[in-house]
Every structure is written in structure tokens, then in C-alpha cells.
Amino acid sequence: MNVFEHTVSYRTLPNWVRFSKQETAVNVATNSQPYGQKPDFDPLHPLKQWLDNTAIKSQKLARLLCKFIPSQCPFEREFKIGARTLLSIPPLCKLNPLYEQIVGLRFRALCYLADECGEDVTPYC
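Counting from 1, residues in each chain are numbered in the order their sequence is written. Where local features are concerned, this predicted model is filtered to residues with pLDDT of at least 70; where side-chain atom pairs are given and counted, the filter is 80 or more; whole-chain, interface and lining totals use all residues. The side-chain quantities take in all heavy atoms of the structure and omit both hydrogens and water.

Visitor: Explain the overall build of the chain residue by residue, including any values.
Guide: Runs of H or I in DSSP of at least four residues are treated as helices and runs of E of at least two as strands, each being numbered from the N terminus. Looking only at helices and strands, one finds five helices and two strands in the chain. Reading the secondary structure of the chain in the N-to-C direction produces α-α-α-α-β-β-α. Remark: exposure states derive from per-residue accessible area (1.4 Å probe, protein chains only) relative to the maximum for the residue type, with buried under 20%, exposed over 50%, and partly exposed in between. Expressed as a percentage of its 125 residues, the buried residues of the chain come to 21%. It only takes one pair of heavy atoms within 4.5 Å for two residues to be counted as in contact. Partitioning the contacts of the chain with sequence separation of at least 6, the portion at a separation of at least 24 is 46%. Using the Shrake-Rupley algorithm and a 1.4 Å probe, accessible areas are obtained, with residue cover drawn only from the displayed protein chains. Within the structure as shown, the chain displays about 10000 Å² of accessible surface, and the carbon and sulfur contribution to it stands at 58%.

Structure follows, in C-alpha cells:
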């Protein structure tokens, strides 16, 4: 008796979701997602790739990016009365699927200003 078949509910995945070639016979039979494996489909992949491959070649663009992309998450808040914290809102930036690419773009802009232009970047930090 295969215990896995009786404990896992049968799910059907859309046709556009593909797994890597390491599927096991149990996963094919139950049509469920393998543990620890992500689907190959990522609708934001072209945008992520474009942001990762964007080169900073202009001083004006680098300053604009450093100015508008915050160095810290702007959504983190703490509501206090006196010394007592009533409510704490955690940083929500990590929920953004493009967070890593945007932070990388800001870092490349800072590096361009510091290395190529010889500018002091402390006002942007």
C-alpha cells in the first residue's frame, strides 16, 4: 500500500507549470508539487532579468535612482506612547517580488557614482 497516495490530496496544476527533470514517479502519479522544488514558470522573470542587466552609464540617471529608491524599507513603523510600543509593523519590502533587483539597481547606481564619477555618496545613504 502506498501511504503517500492516501494522505496527499490530488491536485491538478495548469499546463504552463513545469517542473525540472528530476520528477519522481510518485509526484507524476499524484500530480503534486515535489517538496522543495519550485515551478519553472515565473511571469516576472523577463522584468527581473532586465533590471539585473541594466547598466548605469549616466550620472543623472544614477542620482535619480539613488534619490527615489530608499535605502531602508519605508513601511516599517512603530507606534509608541511614551516608552511603551503599542504596535509594530514589520518591513513589508521583502514581499515585493522585485525587491532584490531594485536594491541591486540602487547599489549599482551608488557604485557608479562613487567609482566612476568620484562623487560622495553619503547623502544617499
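Next comes the rest of the write-up.
Visitor: Now, about the pattern of salt bridges: what can you tell me, with residues and values included?
Guide: Salt bridges are defined as contacts in which a side-chain nitrogen from Lys or Arg sits within 4 Å of a carboxyl oxygen from Asp or Glu. A complete count under the given rule lists three salt bridges for this structure. One salt bridge in this structure joins Glu119 and Arg63, with 2.9 Å as the shortest N-O distance. With Glu119 in the segment after helix 5 (99–116) and Arg63 in helix 4 (residues 59–68), the pair connects residues that are 56 residues apart, well separated along the chain. The exposure class of Glu119 is partly exposed, given its relative accessible area of 23%.

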